[in-house]
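# An overview of the molecular structure
Below, each chain spelled out in residue letters.
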Amino acid sequence: MGVLEEVEALAQAVGHVFVATAGEGGVPHLASAGRVRRAGGGRVTVAEWFCPGTMANLQGNRSVAVVVWDRQEDHGHQLVGRVEEVRERSVVDGYVPQPGETAPPQVERELVIEVDEVLHFSQGPHSDEPEGTDGQGA
């Protein structure tokens, strides 16, 4: 099994991934998403109703890290790369928040990420050395 295939399977098993971005000023932001999928050519996609902070960061800084981690086994992967494209998948039509209510994200988006490297991720000490590749660039 290639490393991106393993990432996809682990994400499906644990049910979530974390997506880290930073704005042009370097302020970090962390979001969660439900899944990661292989897209071929060393790319993956992550789809979610991302919050405004994630989307604002990607306007000025396309660098991203995606972490999938099984807490019980303390085993995971960190994908480091750049968002190539943001696709709109679904749009909420006609939702009007109640007075005093904060509106949830109105657009489900899919991030297409070119993976530059895959690092082992765990709670314990680790080296941040890139993992083996699956013949597709990452």
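Model, not experiment: these values are computed from the prediction. (Residues numbered from 1 in each chain as written. Predicted model: local features only at pLDDT ≥ 70, side-chain atom pairs only at ≥ 80, totals over all residues. Heavy atoms only, no water.)

Attention shifts here to helix α2 (residues 52–60). Within α2, the full set of buried residues consists of Thr-54, Met-55, Asn-57 and Leu-58. Mapping the buried residues of α2 onto a view down its axis gives an arc of 160°, with all of them on the same face. Exposed residues on α2 whose side chains face more than 90 degrees from its buried face are Pro-52 and Gln-59. (Buried < 20%, exposed > 50% of the residue type's maximum accessible area, 1.4 Å probe, protein only. Helix = DSSP H or I, 4+ residues; strand = E, 2+ residues; numbered from the N terminus. Arc of directions from axis to C-beta.)

Take the packing of aromatic side chains next. In the structure shown here, the tally under the stated rule is one aromatic pair. Ring geometry for Trp-69 and Phe-121: centres 5.9 Å apart, planes at 80°, overall edge-to-face. Of this pair, Trp-69 sits in strand β5 (residues 63–70) while Phe-121 sits in strand β7 (residues 107–121), and the two are 52 residues apart along the sequence. (Phe/Tyr/Trp six-rings, centres within 6.5 Å; stacked < 30°, edge-to-face > 60°.)

Although it is not a glycine, Asp-74 sits at a positive phi angle of roughly 50°. Among the secondary structure elements, Asp-74 is positioned in the loop between β5 and β6 (75–91). Although it is not a glycine, Asp-128 sits at a positive phi angle of roughly 65°. In this structure, Asp-128 sits in the segment after β7.

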